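Read off the chains here:
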Amino acid sequence: MVRNILSISLLFCMATMGRAQSLTLQDCRRMALEYNEELKTAGNAVAKAKLDRQIAFAQYLPKFDVSGTALLMKDQDLGPLTLQIRGTYMAGLNLTLPLYAGGQLTSANKLARLNQDVTAEQQRKTRMQVIANVDNAYYALVSVHSKVQMLEAYARQMQGLYDQVSVSVSAQLATTNDLLRVSTKQNEVSYQLQKARNGEQLCRLALANVIGMDDATFTIDSLDMINTLNSQRFGVDVPLDEDISQRPELHLLQQQVRAGELQVKQTRSNYLPTVALIGHYSYYNRLKLKGNLPLDDGSFINLNETFHGFSPMAMLTVQVPIFHWGAEFKKVKKAKITLEDYKLQLQEYERGMRIEVRQAVLNLTDGQRMLKTATIGQQQADENLRVMRQRFDNQLCTMTDMLDAESQWQQARSNFIEAQTQQKINETEYLRVTGRLE
């Protein structure tokens, strides 16, 4: 019954708010995910990590380079002959293929693949935080908006009571003091209503900022508001899972440890030899040989030859580190210390995440009980107000009793609204800390 009354009042309110854009919770989430700059940056990081992985894989493949050389050197005297190098040019194709790099290429590729997974987890973490921010802002607006409607209904009740007491004062069935007390209560309700309306505008501005709107002229879809408030993802008697295996923060810390292990291997590979195959195929031209070449019989042959042709070459290079004054050993030791730091961080933050989940479960369980209590309190306050109004109409209770019943109704309705919206925030937070908010 209480939820039906709340639903009717919300529908009436939303129907009177003009043609402003009406947004559902899913609309707000979608807009925030499309707008959020931090999420866009996370998407760029994913794209860059993918390119880094492709770059790392390319190190396995042979490299082809084209080279060209032009020589302007002094002629070389070879006795009776002169080697003319001026104007000689060469053009070649170079091929370099790493055969073994001490495991550096393998480690680099594994690190690049790991970094791609890390950026994807960071993007998922950012996405869940954006959704949580939207839900918090949305339900804060729902809470204040519902209180505005409740206070408007309360103001109408007090106006009806004021009119009724005015008639009684005219008929000398009530005193002017009774009328003054009702008027004082009206002023108090008017003050509370103005504060609530100001708070509603601030909450609307906060939600507009989260979803990327320049103004706050939108409204909240009334049916969506009712459905989201009345829906419950978790029952009071349903055991809540405290598993954190899907938490992106846990995955990030685990991947950090894995990266530390790979960095140790990569640093240790500096001890190992590297082997590469180099191939070179070049073309040369305008290499000239001039002069008189003596023969055994005392005669001479006049030479004026220009040489050109192709020159293939292949070689295998091996580089073996021998002594670097212990620098490589110290680098490995430093990498191992860094790895130990990563493991300690994993233990610390994993313990903190488990406490965070346990707190979220506690908040959700307590919130369920508070919502149940607030629902019963709201029903009792509605009935008490109905009975007290009948008694007051029949002059069977005092003005104090009537005003107390009105105040109790306001407090019970306010408690119900707060319990309902806070429970939705608790649900969102529970899903976030367990890594299932998507």
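Residues numbered from 1 in each chain as written. Predicted model: local features only at pLDDT ≥ 70, side-chain atom pairs only at ≥ 80, totals over all residues. Heavy atoms only, no water.

S.K.: Which residues make up the confidence of the model for the chain, and what values do they have?
M.R.: Model confidence for the chain is summarised by a mean pLDDT of 89, while 94% of its residues fall at 70 or above. Per-residue pLDDT stays below 50 along residues 1–18; that stretch engages in 35 contacts with residues further than four places along the chain or on separate chains. (pLDDT = per-residue confidence, 0-100. Contact = heavy atoms within 4.5 Å.)

S.K.: Now, about the packing of aromatic side chains: what can you tell me, with residues and values included?
M.R.: Scanning all chains against the criterion turns up six aromatic pairs. Here Y281 and F310 contribute two aromatic rings whose centre-to-centre distance is 5.7 Å and whose plane-to-plane angle is 20°, an arrangement assigned as stacked. With Y281 in strand β7 (residues 274–294) and F310 in strand β8 (residues 300–319), the pair connects residues that are 29 residues apart, well separated along the chain. Look at Y281 and you get partly exposed, because its relative accessible area is 43%. Looking at F310, the relative accessible area reads 55%, which means it is exposed. Among the aromatic residues, those joined into a ring-pair cluster are Y281, Y283 and F310. (Phe/Tyr/Trp six-rings, centres within 6.5 Å; stacked < 30°, edge-to-face > 60°. Helix = DSSP H or I, 4+ residues; strand = E, 2+ residues; numbered from the N terminus. Buried < 20%, exposed > 50% of the residue type's maximum accessible area, 1.4 Å probe, protein only.)

S.K.: Tell me about a nonpolar patch on the surface, residues and numbers included.
M.R.: A cluster of nonpolar side chains, contributed by L99, Y100, Y271, L272, L277, L316, V318, V320, I322, F323, W325 and F329, occupies part of the molecular surface with about 1,300 Å² of accessible area. Mapped onto the nonpolar patch, the elements with two or more residues apiece are β5 (88–100) and β8. By the element assignment, L272 lies in the loop between α7 (248–268) and β7. Accessibility expressed as a relative area gives 36% for L272, which makes it partly exposed. (Patch = residues over 30% accessible without salt bridge, like charges linked within 9 Å, V, L, I, M, F, W, Y side chains within 5 Å. Areas by Shrake-Rupley, 256 points an atom, 1.4 Å probe, with all protein chains shown as cover. Salt bridge = Lys/Arg side-chain N within 4 Å of Asp/Glu carboxyl O.)

S.K.: I'd like to hear about the nonpolar core, residue by residue, with values.
M.R.: Among the nonpolar cores identified, the biggest contains 48 residues, and Y138, L207, I211 and F218 are the most heavily contacted of them. Per-element accounting of this core gives the leading share, 11 residues, to helix α4 (residues 104–170). Once residues within four sequence positions are removed from consideration, Y138 is found in contact with T24, L25, C28, L207, I220, D224, M225 and T228. Membership of the second largest hydrophobic core comes to 24 residues, among which are A153, L161, M399 and M402. (Core = buried A, V, L, I, M, F, W, Y, C linked by side-chain atoms within 4.5 Å.)

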